[in-house]
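Remarks on the overall topology
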Amino acid sequence: MDNRATLLEQALQLFAQRGYDAIGVQEIVEHAGVTKPTLYHYFGSKRGVLEALINERLQPLIDQLANATTHANDVPASLAAIFQLYFDFAQAEPLLYRMQLAMWFSLPDNEAFQIVAVAAAQQQALLESFFVRASSFHGNIRGRQRVYAATLLGTINTYIGLWLSGAIQATPHIIHQAVQQFSYGIYS
């Protein structure tokens, strides 16, 4: 692992464990075994480290979501694929997923929230566009894309939060149950 990757990995561990605001640059570089100038060279600041973490490590999720949200003609199958990709991502990156969730629920003027909010807005926009396309097949969805996208993301994050805390297993049955629960709400 090169210095840049080591810095990102150590920052992820520290931010996830104790929170962004509780960690300073000195602690990151000590854990990474490098100097402050090395961190500044790669990222410019602690904020730059978090931006790189979020932008680089969440990008695969956003790319997969962009693909999954293009198929709106079969809403149940698309919803199952969306749930599955989020679970797969959370299983591959549990620390990152938990960290970004925690940051999302911090105060809006918090620097970490502002960084994570960009990725959250991308996800929201992709999900909204999915529901706009789906409304041509299901008229009762029309005009509700913003609420449905937020509710879908909230449902996904609740199930993933339950899985991360050990309360449920990430099984096909659980994903099917989550899709059914969400679908019942949008079709009623």
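Residues numbered from 1 in each chain as written. Predicted model: local features only at pLDDT ≥ 70, side-chain atom pairs only at ≥ 80, totals over all residues. Heavy atoms only, no water.

1. Things to note about the UniProt feature "domain: HTH tetR-type" (unreviewed entry) in the chain
- Per the UniProt entry, the sites bearing "domain: HTH tetR-type" (unreviewed entry) are residues 1-61 in this numbering.
- This span, residues 1-61, is 77% helix and 0% strand, and a straight line between its end C-alpha atoms measures 23 Å. (UniProt positions renumbered as here; feature names shortened; annotations may be inferred. Helix = DSSP H or I, 4+ residues; strand = E, 2+ residues; numbered from the N terminus.)

2. Notes on the UniProt feature "DNA-binding region" (unreviewed entry) in the chain
- Using the residue numbers shown here, the UniProt feature "DNA-binding region" (unreviewed entry) corresponds to residues 24-43.
- In the segment residues 24-43, helix accounts for 80% and strand for 0%; the C-alpha atoms at its two ends are 14 Å apart.

3. A closer look at the layout of surface pockets
- The calculated volume of the largest pocket comes to roughly 290 Å³.
- Taken together, 15 residues make up the lining of the largest pocket; nearest its centre are Trp104, Ala120, Leu153, Gly154 and Asn157.
- Elements represented by at least two residues in the lining of the largest pocket include exactly α7 (94-104), α8 (111-134) and α9 (145-164).
- Broken down by element, the residue count for the lining of the largest pocket peaks at 6 residues, all from α8.
- Residues of the lining of the largest pocket, tallied by class, amount to 9 nonpolar, 6 polar and no charged. (1 Å grid on protein atoms, 1.4 Å probe; cavity = no way out; pocket = protein on both sides within 12 Å on 5 of 7 lines; lining within 4 Å. Points joined across faces, edges and corners; volume = space filled by probe spheres on them. Nonpolar A, V, L, I, M, F, W, Y, C, P; charged D, E, K, R; others polar.)

4. Let's talk about the pattern of salt bridges
- The tally for this structure, following the rule as stated, stands at 7 salt bridges.
- When the shortest N-O distance is used, the salt bridge between arginine 47 and glutamate 111 registers 3.4 Å. With arginine 47 in helix α4 (residues 46-57) and glutamate 111 in helix α8, the pair connects residues that are 64 residues apart, well separated along the chain.
- Residue classification places arginine 47 among the partly exposed residues on the basis of a relative accessible area of 27%.
- Judged by relative accessible area, which is 31%, glutamate 111 ranks as partly exposed.
- When the shortest N-O distance is used, the salt bridge between glutamate 128 and arginine 146 registers 3.5 Å. In this pair, glutamate 128 is assigned in helix α8 and arginine 146 in helix α9, connecting sequence segments 18 residues apart. (Salt bridge = Lys/Arg side-chain N within 4 Å of Asp/Glu carboxyl O. Buried < 20%, exposed > 50% of the residue type's maximum accessible area, 1.4 Å probe, protein only.)

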